[in-house]
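# Architecture at a glance
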6 protein chains.
Amino acid sequence: MPYVHIQITREGASAEQKAELIAGTTDLLVRVLNKNPATTFVLIEEVDADNWGIAGESVTVLRQRAAQAGPQ
Amino acid sequence: MPYVHIQITREGASAEQKAELIAGTTDLLVRVLNKNPATTFVLIEEVDADNWGIAGESVTVLRQRAAQAGPQ
Amino acid sequence: MPYVHIQITREGASAEQKAELIAGTTDLLVRVLNKNPATTFVLIEEVDADNWGIAGESVTVLRQRAAQAGPQ
Amino acid sequence: MPYVHIQITREGASAEQKAELIAGTTDLLVRVLNKNPATTFVLIEEVDADNWGIAGESVTVLRQRAAQAGPQ
Amino acid sequence: MPYVHIQITREGASAEQKAELIAGTTDLLVRVLNKNPATTFVLIEEVDADNWGIAGESVTVLRQRAAQAGPQ
Amino acid sequence: MPYVHIQITREGASAEQKAELIAGTTDLLVRVLNKNPATTFVLIEEVDADNWGIAGESVTVLRQRAAQAGPQ
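Residues numbered from 1 in each chain as written. Chains lettered and ligands numbered in written order. Predicted model: local features only at pLDDT ≥ 70, side-chain atom pairs only at ≥ 80, totals over all residues. Heavy atoms only, no water.

### Brief notes about empty space enclosed by the protein
What the rule picks out here adds up to one cavity of 30 Å³ or more. A volume near 230 Å³ is recorded for the largest cavity. Along the walls of the largest cavity sit 18 residues, with H5 of chain A, H5 of chain B, H5 of chain C, H5 of chain E together with H5 of chain F positioned nearest its centre. Those elements giving two or more residues to the lining of the largest cavity turn out to be β1 (3-9) of chain A, β1 (3-9) of chain B, β1 (3-9) of chain C, β1 (3-9) of chain D, β1 (3-9) of chain E together with β1 (3-9) of chain F. Considered class by class, the residues forming the lining of the largest cavity number six nonpolar, 11 polar and one charged. (1 Å grid on protein atoms, 1.4 Å probe; cavity = no way out; pocket = protein on both sides within 12 Å on 5 of 7 lines; lining within 4 Å. Points joined across faces, edges and corners; volume = space filled by probe spheres on them. Helix = DSSP H or I, 4+ residues; strand = E, 2+ residues; numbered from the N terminus. Nonpolar A, V, L, I, M, F, W, Y, C, P; charged D, E, K, R; others polar.)

If you want it as structure tokens, here you go:
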């Protein structure tokens, strides 16, 4: 019965990584809450960096600033 | 006032089919709950098959396996 | 595979009405997109009138104003 | 801690406009609820006009009808 | 950056189980996509059984029928 | 046409504060994108602290630890 919606920034997650998120999340719900995998949905939504804001700025701007600042 | 969010896999739903989902869902809310269609939102989100997991696997994998297994 | 999220204001929808929304939405997805009902989720979320805004005001305020204005 | 999900029709919102929505929403949550901007997410989702229904019809159809009707 | 929204039926998940879902989901995103836990949100929403439909019926009805049918 | 979903932890936001979030968000969308307030939805969802995880732990645990650590 569970429905899981995972939103991540669109930064090149591969089909294999997405498969791993789907399998891992499903296993977690089976192990912790004994849910039926056959009716467990996991949806992954990839969001453009322009469209995801944190601390009042888009991820695009934050990534650019971090790149200019160079390695910490 | 109702807001309806319909998520389906991105598998070629036509504009006509989406229009039918919008009209049918709105009619249902008007009929059952006497809602005002003018302020009834219906949003349809189409999700890539790689990004939709059920029973721990992506729809892409499930579709491929079903195709290989041939007609039931 | 479809997942439908219906948000309505918390204004006394009965279990029967909610069952009708669930059945009607599922039938619509079967009829229009030939979806499998066994893996069709319909979730209904009831939202407090204080927490739902339209035209910049909460439904609570809008309902009060409409009540004071009397029948149209 | 707040998470804000803004859905708008895909009608050409610029990166600057989206940045303004992100900054404005974050400021609002800081001002009204004293939230920590560092853990305030604002996500903007742009939805195709075919996929957004209001009053039982898609925004595509509503826009076409308004265009044919000419200036009000 | 990830945001995860987990919807489960309201059937008595304990605070410990919910903590396990939060920790497990966060670890999965760190391991698979190298995400920063400090900006990883996991939200759990518990939905009444009357309000969750699958195969056209509410979970309430499905649970009652399964109880009447006795152990499989 | 916009739909805004604001999720905050359930920590006593007053009706006035929620009204301010609704008005402020609507004004922002009118100002930035010239949207029609009459068809602008703002929904506020208050989430229990047990059910909101950040950095792998629930807000309940994080608040308790902060309280024990005393003022910074």
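### Focus: the packing of aromatic side chains
This model, assessed by the stated rule, comprises 12 aromatic pairs over all chains. Both rings, one in W52 of chain C and one in F41 of chain F, keep their centres 5.6 Å apart while their planes meet at 70°; by these two values the pair is edge-to-face. Here the residue W52 of chain C occupies a position in strand β3 (residues 52-54), and F41 of chain F occupies one in strand β2 (residues 41-47), the pair thus bridging two chains. Residue classification places F41 of chain F among the buried positions, given a relative accessible area of 0%. Summarising the aromatic geometry, the rings of F41 of chain D and F41 of chain E are spaced 4.1 Å apart at their centres and angled 15° between planes, so their arrangement reads as stacked. Of the two residues, F41 of chain D sits in strand β2 (residues 41-47) while F41 of chain E sits in strand β2 (residues 41-47), which places them in two different chains. This pair shows no difference in class: F41 of chain D is buried, exactly as F41 of chain E is. Taken together, the aromatic side chains of F41 of chain A, W52 of chain B, F41 of chain C together with W52 of chain E make up a single cluster linked through ring pairs. (Phe/Tyr/Trp six-rings, centres within 6.5 Å; stacked < 30°, edge-to-face > 60°. Buried < 20%, exposed > 50% of the residue type's maximum accessible area, 1.4 Å probe, protein only.)

### A few points about the sheet that holds β3 of chain C
Strands sit in the order β4(A)-β3(A)-β2(D)-β1(D)-β1(F)-β2(F)-β3(C)-β4(C) across an open sheet of eight strands; the sheet is mixed. This sheet does not close on itself; its edge strands, each paired only once, are β4 (57-58) of chain A together with β4 (57-58) of chain C. Bridge count for β3 of chain C against β4 of chain C is two bridges, and the pairing is antiparallel. Note on β4 of chain C: the bridge partner recorded for I54 of chain C is E57 of chain C. (Pairing = 2+ DSSP bridges.)

### Some details on the interface of chain A and chain E
With 27 residues of chain A at the interface, the matching set in chain E holds 27 residues. Counting each side, the surface lost to burial between chain A and chain E is near 2300 Å², with a carbon and sulfur contribution of 70%. Here chain A is connected to chain E by four salt bridges. With a shortest N-O distance of 3.9 Å, E11 of chain A and K35 of chain E are connected by a salt bridge. For the pair chain A and chain E, the number of links is nine residue pairs in polar contact (both at pLDDT 80 or more). (Contact = heavy atoms within 4.5 Å. Buried area = accessible area lost by both parts, 1.4 Å probe. Salt bridge = Lys/Arg side-chain N within 4 Å of Asp/Glu carboxyl O. Polar contact = N/O pair within 3.5 Å; in protein donor to acceptor, adjacent residues only side chain to side chain.)

### Examining the relation of the copies chain D and chain F
You can overlay chain D on chain F at an RMSD of 0.0 Å; the transform is a turn of 180° with a shift of 0.0 Å along its axis. Those values place the two copies in the arrangement expected of a two-fold rotation axis. Relative to the rotation axis, the closest C-alpha in chain D is found at H5 of chain D, a distance of 2.5 Å. (Least-squares fit on C-alpha atoms with pLDDT ≥ 70 in both.)

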